[in-house]
Amino acid sequence: MELNDLVPRRGEWLRGTGSDSDIVMSSRIRLARNLAQFPFLNRADDSVRSEIERTLRRHLNELSLGGPRSYLDVSHLERLDRQFLVERQLISRELSESHGSRGVCFTEGENISLMVNEEDHLRIQVLHSGFDLDSCWQQINRIDDLLEERVTYAFSEELGYLTACPTNVGTGIRVSVLLHLPALVMTGEVKKVFQALQKINLAVRGLYGEGTQAMGDFYQISNQITLGKSEEKLIRSLKDVIPNIILYERKVRSALVKDNRAELHDKISRAYGLLRSAQSISSQETMDLLSSVRMGVNLGFIDDLSIPTVNELFIHTQPAHLQKLRKTTLDSADRNAARAGYLRHRLSPPAQGDKN
Amino acid sequence: MKCDRCPKVATLHVTEIEKGQTQELHLCEECAQKYMVTASPEPVSSANPAGMSESELEELERLVCPHCKLTFREFRSQGRLGCPQCYTAFRDELVPLLENIHGDTQHVGKFPRRAPVDSRKRYELVRLRNELQAAVAEESYEQAAKLRDQIQSLEHESADAGEA
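Owing to the predicted nature of the structure, the values given are computational and were not obtained by experimental measurement. (Residues numbered from 1 in each chain as written. Chains lettered and ligands numbered in written order. Predicted model: local features only at pLDDT ≥ 70, side-chain atom pairs only at ≥ 80, totals over all residues. Heavy atoms only, no water.)

All right, on to the pairing of strand β1 (residues 24-33) of chain A then. Residue and element names in this part refer to chain A. Taken across its ten residues, β1 has ten buried, putting it largely inside the fold. Where β1 and strand β8 (residues 173-180) come together, seven bridges link them in antiparallel fashion. Looking at β8, one finds that S26 is bridged to L178. When β1 meets strand β5 (residues 122-129), the two strands line up antiparallel, connected through eight bridges. Within the sheet, the bridge partner assigned to S27 lies in β5 and is H128. (Buried < 20%, exposed > 50% of the residue type's maximum accessible area, 1.4 Å probe, protein only. Helix = DSSP H or I, 4+ residues; strand = E, 2+ residues; numbered from the N terminus. Pairing = 2+ DSSP bridges.)

What follows is the structure in structure tokens.
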């Protein structure tokens, strides 16, 4: 599978299925691992980096991942292609923007990805659509076991899996759930949720993880602590709290429908109208409007559009995707025009918008 | 957007919540790493990462990992360790940091299958005892009884192995 084969595909986390998928976009678990015989990356010179990359690539290519996989040498990819992989959540911004030997191995369904030479030697990630952390853990734990039969991880009895940054040491696990919370954002209630989460040591981040601002009312909730609690316990802490946030978002949506129906319907219809007719539109504005539209579909105000299509539009209107779809590089102004054109084509007339 | 602490471009955006007050912080990669290590709410100058005296800084400079030669001062400024052995070399300095970040200093999660049987058992005992404590605290006595039995059988196993 070539990188360009991914362009028209939807990818696992945009499937829009699974438990509570009106609010939970995706569930994700990642594990940070390092090989015992090598220094961490900030003390690894070019030749050591290459050796780590070669070693891991060989093992990853032989690993049973339950289907075909691709390995991409990220150091040889164009900037646009790297950005494209970031937008699809197959690699992190850190891997995209760093230097030297590095790579990513991912499965055809795009739900398993293994990054080589990111902050740690290896970052394993499993992603599922909807609220499904148990499947993520089952799958990632198996992959980790299989790898562990082949390599010796840096591990201590006291501190667990040793990582380059002490914030990941112990289990090396980051359990996260991507939520779409437009009603809580609209009413300002979301602040209360974040404060409550902070108190129980859960972190809130934007769509593309660490350091990104929230776009399109998407928030990632994840564990902060990695040491002193078992993986199951850390997963449990998210599994316990997420249903409350889902319930809260649903309650606020119902209250909005009940008390401000006309206003809400107007906001959603205007958002839909803008997306169907704009001649130039930024990525940020698209995300914000799509967020209203997504809620409108879930609440039944819009009936000629499906959630998987809306999910797909979120990703296809990102800068790198737009350029890959157009098969050309575009500056910001041209991108805004191309984005508006793409949205008009997909959304109006309605019958064309929802063929799939 | 400019970094709040130096002239570079901010790439990390932090929302800090303290005593119910939220505060937005926009930091460049370098300042963000310092921020994460020191978690200091005050702006710090790059020459003196944690507001330390000259002699304290020299002290950090002298702390070196024998394996990868990273100094503790370098770790303080970069936020990244140099090799797995750094955890042993800087143990005394890292323990308070880990307590601060995780509220704990003992791993209780997955254990590599290839680890020696002995250490796995010892580790399993630590884990079970922790769970027992938690179960008692939560008044889940049924669970606690189950854990107690598991602990006892594991202790017997170890004792038997010791005699043999």
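As a further point, take the sheet that holds strand β2 (residues 69-73) of chain A. All names here are of chain A. Taken in spatial order, the eight strands make up an open sheet running β2-β3-β4-β5-β1-β8-β10-β9, and their pairing is antiparallel. In this open sheet, the two edge strands, each paired with only one partner strand, are β2 and β9 (202-205). Between one strand and the next, the sheet's axes are offset by a mean angle of 20°, whatever the strand orientation. Each of β1, β8, β9 and β10 (218-223) touches helix α7 (residues 231-259); the most contacted strand, β8, lies at about 10° to it. (Axes fitted to C-alpha atoms, helices over the stretch in contact; angles between N-to-C directions. Contact = heavy atoms within 4.5 Å.)

Another aspect to go through is the nonpolar core. Grouped together as the largest cluster of nonpolar side chains are 95 residues, with contacts concentrated most on L114(A) and I242(A). Per-element accounting of this core gives the leading share, ten residues, to α7(A). Two domains each donate at least three residues to this core, and these are domain 1 (3-229) and domain 2 (249-354) of chain A. Setting aside residues up to four positions removed in sequence, I242(A) forms contacts with F131(A), V177(A), L179(A) and I221(A). Residues F40(A), L162(A), F72(B) and C83(B) belong to the second largest nonpolar core, which totals 22 residues. (Core = buried A, V, L, I, M, F, W, Y, C linked by side-chain atoms within 4.5 Å. Domains from an automatic or database assignment.)

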